[in-house]
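Coordinate analysis (summary)
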Amino acid sequence: MEMTRFDTAPITVDGCDTVVKLWKNRCEKYGPRPAHREKELGVWQEYSWADYYEGAKRIGLALMALGVRKGEPVLILAEDRREWLYCDLGAAAIGAIPTGVYTTDSPSQLAYLAQDSGARVLFVENDEQLDKYLEARDRMPGIEKVVVFDRDGLAEFSDPQVMFLDELLALGGSEAEAHPARFEDALAAVQPEDPRMLIYTSGTTGPPKGAMVTHRNILFQHVAGEEMLEFYESDELLCFLPLCHVLERLISVELPIGHGCTVNFAESPETVFENL
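Residues numbered from 1 in each chain as written. Predicted model: local features only at pLDDT ≥ 70, side-chain atom pairs only at ≥ 80, totals over all residues. Heavy atoms only, no water.

**Describing the packing of helix α2 (residues 49-65) against helix α6 (residues 165-178)**
With their axes 7 Å apart at the nearest point, α2 and α6 run at an angle of 85 degrees to one another. Our classification of the angle between α2 and α6 gives roughly perpendicular. Contact with α2, carried on its side by Gly-55, Arg-58, Ile-59, Leu-61, Ala-62 and Ala-65, involves Leu-165, Leu-168, Leu-169, Leu-171, Gly-172, Gly-173, Glu-175 and Ala-176 of α6 and no other residues of that element. Counted by class, the contact of α2 with α6 contains 9 nonpolar, 3 polar and 2 charged residues. (Axes fitted to C-alpha atoms, helices over the stretch in contact; angles between N-to-C directions. Helix = DSSP H or I, 4+ residues; strand = E, 2+ residues; numbered from the N terminus. Parallel < 35°, antiparallel > 145°, perpendicular 65-115°, else oblique. Contact = heavy atoms within 4.5 Å. Nonpolar A, V, L, I, M, F, W, Y, C, P; charged D, E, K, R; others polar.)

Structure follows, in structure tokens:
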């Protein structure tokens, strides 16, 4: 991996000056190679770098269709899973700012983050997390659309503000047909000083405080990490800390983009390498 040094020149990794440009580069380079693995009904399933790009692209285009603008936060409330990353990169690629919410947060804490961030779109994993939104909906009037990953337990549920991920992906697919270059154009317009993510503190000493982390900052972490850590294309990584945590984002999202590692999502560390 060719990298510029820490000087006055822009920080680039393999000629890319933003995370999303580097991510697009890697998705094109690795294509059918596994980017993620997850257990489904006890069986490991593989998802490629091509899947990564297509899933994120559809989500990004759907967010644009919903009116999400560059510089606007998007909240993600879910356990570690590949869809978290698809939402993360899909939002970042259109210049929006992905923001994680801890799954242990209460409805009132979720309402605080929604108000403080100014987000209009909220992703939630399942009926349990959706209930938090429904309980505190009157305290987060800025949320216009909630997207639910899993339909389990919600077969008869209907709400004009709520849609499911498969519906969002279908919307993104239609947008891709109608506007073939829109996603790539938005991705190319993202600049190094634009926010890559918004990370909130845990709130142990008061209300959580949001910290903007730029694309330039993350690419610096790539360069610095190269001198501190050994990463190889053949590495298998386990994602187990919450993806709201900046360390897990660096290790399970950002650095694998630079090196083409495979990230595994499992309920517990001891199960991750079973049947690999």
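**Digging into the pairing of strand β11 (residues 262-265)**
Of the two faces of β11, the one holding Thr-262 and Asn-264 and the one holding Val-263 and Phe-265 are both buried throughout. Sheet analysis places strand β1 (residues 34-40) next to β11, joined by 3 bridges and oriented parallel. Of the residues in β11, the one forming a bridge with Glu-38 is Phe-265. Judged from the 4 bridges that link them, strand β10 (residues 236-239) and β11 form a sheet pairing that is parallel. Its bridge partner being in β11, Glu-236 is matched across the sheet by Thr-262. Chirality of the crossover, the property in question, places the unit of β10, helix α9 (residues 246-259) and β11 among those that are right-handed. (Buried < 20%, exposed > 50% of the residue type's maximum accessible area, 1.4 Å probe, protein only. Pairing = 2+ DSSP bridges. Right-handed = clockwise from strand over helix to strand, strands pointing away.)

**Describing helix α4 (residues 107-117)**
Within α4, the full set of buried residues consists of Pro-107, Leu-110, Ala-111, Leu-113, Ala-114 and Ser-117. Projected down its long axis, α4 carries its buried residues within an arc of 165 degrees, all on one side. (Arc of directions from axis to C-beta.)

**Let's talk about unusual backbone geometry**
Backbone geometry places Asp-14, a non-glycine residue, at a positive phi of 50 degrees. When you line up the elements, Asp-14 lands in the segment before α1 (19-30). Here Asp-14 falls in the partly exposed class, since its relative accessible area comes to 28%. In this structure, Leu-41 takes a positive phi of about 55 degrees despite not being glycine. Looking at where Leu-41 falls in the secondary structure, it is placed in the loop between β1 and β2 (43-48).

**What about the sheet that holds β10?**
Taken in spatial order, the 4 strands of this open sheet run β2-β1-β11-β10, and their pairing is mixed. Each edge of the open sheet carries a strand with a single partner, namely β2 and β10. Between one strand and the next, the sheet's axes are offset by a mean angle of 25 degrees, whatever the strand orientation. Set on the sheet, α9 makes contact with β10 and β11; between it and β10 the angle comes to about 145 degrees.

**Considering the packing of aromatic side chains**
Remark: the centre distance and the inter-plane angle together describe each pair of aromatic rings, the angle taken between the planes. Scanning all chains against the criterion turns up 7 aromatic pairs. Relative to Tyr-52, the ring of Trp-23 has its centre 5.8 Å away and its plane inclined at 75 degrees; by these criteria the two rings are edge-to-face. Placement of Trp-23 in helix α1 and of Tyr-52 in helix α2 is noted, with a sequence separation of 29 residues between them. Accessibility expressed as a relative area gives 2% for Tyr-52, which makes it buried. When the ring of Phe-123 is compared with that of Phe-149, the centres are 6.2 Å apart and the planes differ by 40 degrees; the resulting orientation is tilted. Highlighted residues: Phe-123 in strand β5 (residues 121-124) and Phe-149 in the loop between β6 (145-148) and β7 (162-164), separated in sequence by 26 residues. Residues Phe-123 and Phe-149 agree in their burial class; the two are buried. (Phe/Tyr/Trp six-rings, centres within 6.5 Å; stacked < 30°, edge-to-face > 60°.)

**Some points on the pattern of salt bridges**
According to the stated counting rule, one finds 27 salt bridges in the structure shown. Measuring nitrogen to oxygen at the nearest pair gives 2.8 Å for the salt bridge that ties Arg-81 to Glu-83. The class of Glu-83 is buried, set by a relative accessible area of 10%. Between Glu-254 and Arg-196 there is a salt bridge; the shortest N-O distance is 2.8 Å. (Salt bridge = Lys/Arg side-chain N within 4 Å of Asp/Glu carboxyl O.)

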